[in-house]
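Each chain, letter by letter, is given below.
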Amino acid sequence: MISDAEKVEKELIKNPPPSEADVEAAKAVVKEKGEAVAQLKYAKAGKTEITASVAELNKAKENLSRLEERSKLKPGIPQKDGKIDYSQNFFARHAFLTVSGQLQVETYACAVTSVYTFGRTF
């Protein structure tokens, strides 16, 4: 069974994250689309034209957001001088980690009266 981390790792190797130039180009597209919307509003264009232009702007913003998130991801474990560099951000996004099954079951304990865990306890 392949974990999600392994899937992301393989995806990053097969399809590398975007470069800074790609992100900057996407930012330029968002700026251009925003200026087009402002120009249409200033010219008091029709509602359908403005709506279509705003839809294009929203798509460009979504694309930029995806590119920025993906550009933070790096394949492999961060290393410095041949050793794992723990000062680096390993996840490049919010991660919710648990130390044991006991911590994980606490969320269920609020809703269910009898909760049991099997495993080592510390």
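What comes next is a walk through the structure. Within any chain, residue numbers begin from 1 and follow the written order of that chain's sequence. Selection of residues for local features in this predicted model requires a pLDDT of at least 70, selection of side-chain atom pairs for listing and counting requires 80 or more, and totals for whole chains, interfaces and linings are taken over all residues. To get the side-chain values, all heavy atoms of the structure are used, and hydrogens and water are removed first.

**A look at the overall build of the protein chain**
Then comes step 1: Secondary structure assignment for the protein chain yields 4 helices and 2 strands.
Then comes step 2: Comment: elements are numbered from the N terminus, with helices defined as DSSP H or I runs of at least four residues and strands as E runs of at least two. Across the protein chain, helices and strands are ordered from the amino to the carboxyl terminus as α-α-α-β-β-α.
Then comes step 3: A 1.4 Å probe rolled over the protein chains alone gives each residue an accessible area, and that area as a share of the maximum for its type sets the label: buried under 20%, exposed over 50%, partly exposed in between. Across the 122 residues that make up the protein chain, the buried fraction comes to 14%.
Then comes step 4: Across the protein chain, every contact between residues at least 6 apart in sequence was considered, and the portion connecting residues at least 24 apart equals 49%. Here, two residues are considered to be in contact whenever any of their heavy atoms come within 4.5 Å of each other.

**Structural notes on the pattern of salt bridges**
Then comes step 1: Salt bridges are counted wherever a side-chain nitrogen of Lys or Arg sits within 4 Å of a carboxyl oxygen of Asp or Glu. Summed over all chains, the structure comprises 2 salt bridges.
Then comes step 2: Among the ionic pairs, Lys27 bridges to Glu24, the shortest N-O distance being 3.7 Å. Here Lys27 pairs with Glu24, and both are found in helix H2 (residues 20-42), just 3 residues apart, close to one helical turn.
Then comes step 3: Residue Lys27 is classed as partly exposed on the basis of its relative accessible area of 36%.
Then comes step 4: Between Glu56 and Lys33 there is a salt bridge, and its shortest N-O distance comes to 3.2 Å. Taken together, the positions of Glu56 in helix H3 (residues 47-71) and Lys33 in helix H2 put the pair 23 residues apart, joining distant regions of the chain.
Then comes step 5: What makes Glu56 partly exposed here is its relative accessible area of 42%.

**Regarding the environment of Ala55**
Then comes step 1: Tracing the sequence through the fold places Ala55 in helix H3.
Then comes step 2: According to the relative accessible area criterion, Ala55 is partly exposed, its value standing at 36%.
Then comes step 3: Between the C-alpha atom of Ala55 and that of Val37, which follows or precedes it by 18 residues, the distance is 9.8 Å.

**Things to note about the nonpolar core**
Then comes step 1: Take the buried residues of types Ala, Val, Leu, Ile, Met, Phe, Trp, Tyr and Cys, join any two whose side-chain atoms come within 4.5 Å, and each joined set is a nonpolar core. Within the largest apolar cluster, 7 residues are counted, these being Val23, Ala26, Val30, Val37, Leu57, Ala60 and Leu64.
Then comes step 2: At the level of elements, H2 and H3 are the ones that each hand at least two residues to this core.
Then comes step 3: Ranked by the residues each element gives to this core, the list is headed by H2, at 4 residues.
Then comes step 4: In this view, Ala26 contacts Leu64 and Leu67; residues no more than four positions away in its chain are not counted.

As far as function goes, none of this settles anything; it's purely spatial.
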